[in-house]
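Examining the three-dimensional arrangement
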Amino acid sequence: MTTSGTGSADRPFKILVLWADGESTNLGLRALAEGVREIAFRAWGTDCEMVFHTHASIGTPLQRRKVLADLGRSRGPVKAEIGTYDIVLDTGGGDSFTDIYGLRRLVLMAYVHRAAEKSGVPLVLMPQTIGPFHSLLGNVIGTGALRRVSAVFARDPVSADYSMRRGRPVDGISTDMVFALPVPEAGSSSAHDVIVNVSGLLWRPNSHVDSSKYRESTFSLIDALIQRGRGVSVLAHVLDSDMADNDVPAARSVAEYYGSRVELLVPGDLSEARSHMATAKLVIGARMHACLNALSVGTPAIPWAYSRKFEPLLSALGWDSSIDLKTVSDAATATMAIIDSLDPETFLERTASLRARSDQKMDDLVAHMQSLLTRQNIS
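Owing to the predicted nature of the structure, the values given are computational and were not obtained by experimental measurement. (Residues numbered from 1 in each chain as written. Predicted model: local features only at pLDDT ≥ 70, side-chain atom pairs only at ≥ 80, totals over all residues. Heavy atoms only, no water.)

Focus on the overall build of the protein
Counting its secondary structure elements, the protein contains 14 helices and 12 strands. Projected onto the principal axes, the alpha-carbon positions of the protein cover approximately 65 × 40 × 35 Å. Across the 379 residues in the protein, those meeting the buried criterion constitute 56%. Pairs at least 24 apart in sequence give 70% of the contacts found in the protein among residues at least 6 apart. Averaging the locations of the 39 positively and 42 negatively charged side chains of the protein gives two centres separated by 8 Å. (Helix = DSSP H or I, 4+ residues; strand = E, 2+ residues; numbered from the N terminus. Buried < 20%, exposed > 50% of the residue type's maximum accessible area, 1.4 Å probe, protein only. Contact = heavy atoms within 4.5 Å. Lys, Arg positive; Asp, Glu negative; His and termini not counted. Charge placed at Lys NZ, Arg CZ, Asp CG, Glu CD.)

A closer look at the confidence of the model for the protein
Summarising the model, the protein shows a mean pLDDT of 91, and 93% of its residues fall at 70 or more. Throughout residues 1-5 the model reports pLDDT below 50, and contacts reaching past four residues in sequence, or to other chains, amount to 17 contacts. (pLDDT = per-residue confidence, 0-100.)

Digging into the sheet that holds strand β12 (residues 323-324)
The strand order across the open sheet built from six strands is β9-β8-β7-β10-β11-β12, with neighbouring strands paired in parallel fashion. Both edges of this open sheet fall to β9 (262-265) and β12, since each of them pairs with a single strand only. Inspection of the sheet shows strand β10 (residues 282-285) paired to strand β11 (residues 301-305) by three bridges, in the parallel sense. Pairing of Ile284 across the sheet is with Ile302, part of β11. (Pairing = 2+ DSSP bridges.)

A word on the pairing of β11
Consecutive residues of a regular strand have side chains that alternate between opposite faces of the sheet. Across the five residues of β11, five count as buried, placing the element largely inside the fold. Taking every second residue as pointing to the same face, both faces of β11 are buried, with Ala301, Pro303 and Ala305 on one and Ile302 and Trp304 on the other. The parallel pair β10 and β11, bridged by helix α11 (residues 288-296), forms a crossover whose chirality is right-handed. What joins β11 to β12 is helix α12 (residues 310-316), and the crossover it makes is right-handed. (Right-handed = clockwise from strand over helix to strand, strands pointing away.)

Examining a nonpolar patch on the surface
A contiguous nonpolar patch, built from Leu136, Leu137 and Val140 and spanning about 330 Å² of accessible area, is present on the exposed surface. Within the secondary structure layout, Leu136 lies in helix α5 (residues 136-146). (Patch = residues over 30% accessible without salt bridge, like charges linked within 9 Å, V, L, I, M, F, W, Y side chains within 5 Å. Areas by Shrake-Rupley, 256 points an atom, 1.4 Å probe, with all protein chains shown as cover. Salt bridge = Lys/Arg side-chain N within 4 Å of Asp/Glu carboxyl O.)

Thoughts on the side chain of Arg166
Examined against the element boundaries, Arg166 turns out to sit in the loop between α6 (157-164) and β6 (172-173). When residues no more than four places from it in sequence are discounted, the contact partners of Arg166 are Phe133, Asn139, Thr143, Leu146 and Arg147.

Considerations on the nonpolar core
The tendency in soluble globular proteins is for nonpolar side chains to be buried side by side. Ile15, Trp44 and Met369 are the most contacted members of the largest nonpolar core, which totals 93 residues. Counting residues per element, this core draws most heavily on helix α1 (residues 27-44), which supplies 10 residues. Setting aside its immediate chain neighbours within four residues, Ile15 contacts Ala40, Trp44, Cys48, Glu49, Met50, Val51, Tyr85, Ile87 and Leu89. By size, the runner-up hydrophobic cluster in this structure holds 31 residues, among which are Ala116, Val121, Leu125 and Val152. (Core = buried A, V, L, I, M, F, W, Y, C linked by side-chain atoms within 4.5 Å.)

A short note on unusual backbone geometry
Following Gly131, the chain continues into Pro132 via a peptide bond in cis, with omega recorded as 0°. One non-glycine residue, Trp19, adopts positive backbone phi at about 65°. For Trp19, the position within the fold is in the loop between β1 (14-18) and α1.

Side note on the packing of aromatic side chains
If you walk through the whole model with that rule in mind, you get 11 aromatic pairs. Here the aromatic rings of Tyr214 and Trp304 are separated by 6.2 Å at their centres, their planes lie at 85°, and the arrangement is edge-to-face. Separated by 90 residues along the polypeptide, Tyr214 in helix α8 (residues 211-227) and Trp304 in strand β11 bring together distant segments of the chain. On the accessibility criterion, Tyr214 (4% relative accessible area) is buried. Each ring, one from Trp319 and one from Phe347, has its centre 6.0 Å from the other, and the planes form 15°; the classification is stacked. One end of the pair, Trp319, is in the loop between α12 and β12; the other, Phe347, is in helix α14 (residues 344-376), and 28 residues separate them in sequence. (Phe/Tyr/Trp six-rings, centres within 6.5 Å; stacked < 30°, edge-to-face > 60°.)

Right, dumping it as structure tokens:
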């Protein structure tokens, strides 16, 4: 790659991007993948060769049977594959570097960190939520993994502090990768008033919030919006698949309940979802990336937070219009109070200020990534 001195004369600079995929049914993972692509192109030129891998990827060297075959071998299939890359960029799925989703996922992520270290390939934690690790074993695994990586970028100050208290100060504090994406052209989608993202994760029994209470709050919110004369569109942000954790069945059930009073939006891809949000006046959602996609295209959003990942990231961008589902007893009423407290112009001004902050953070991240090549002796 001639633009930044990476790669070599006979091949492009090779990048393995972990836990994000531009073809994933989870549009949040697509946003992470496309955001990393944008940052890599800005930092190192557009002739990078990039391969993406998620937990659900098929035919990659990180499948369970290949990981098992790699254990105890100096050049097993995982280490051999990682050794073909110049750098590994680990997105952590945005918020998966934790044990709140179970230890199996964390163990795999930590094993890849170790394999990269053994292969002599720099591994960078891209801006993401770091922790929490609630179990003793999770803390041991996560802390060890943090100390093996070449560079760590947190997407919020709380994650940065969490990493530092485990002996690994971060190399920088940024924000979510979705803010690296270009804003869609105006007029690329029909106009919408209020878009409500219904989370399939919370609609079913889960470890985060009371699913029955979440469903009740969702119906109460839509009832209140309709009573105010607002137009409501129900959006699926995790597309349909054979995995239980998708938004389409929940969104469809809500749309069927209200009939012609609401519009159902099931986008075909990330670009279509962002176009819908760019024409909306407001987005309300329990999928964090549904709200971040909205804010990144200049549309105000009211997140319904269910974990630690929401508040620190949003606060660092100066955004305090969110609802904590774990502490607020009546999410629908609290949401309507936020809507009533701010006029549309103020909402838009605050969104524009957020975009200015996020743009600066993305510029800073690009500079960090460029300097990383020199520090790691990548050539």
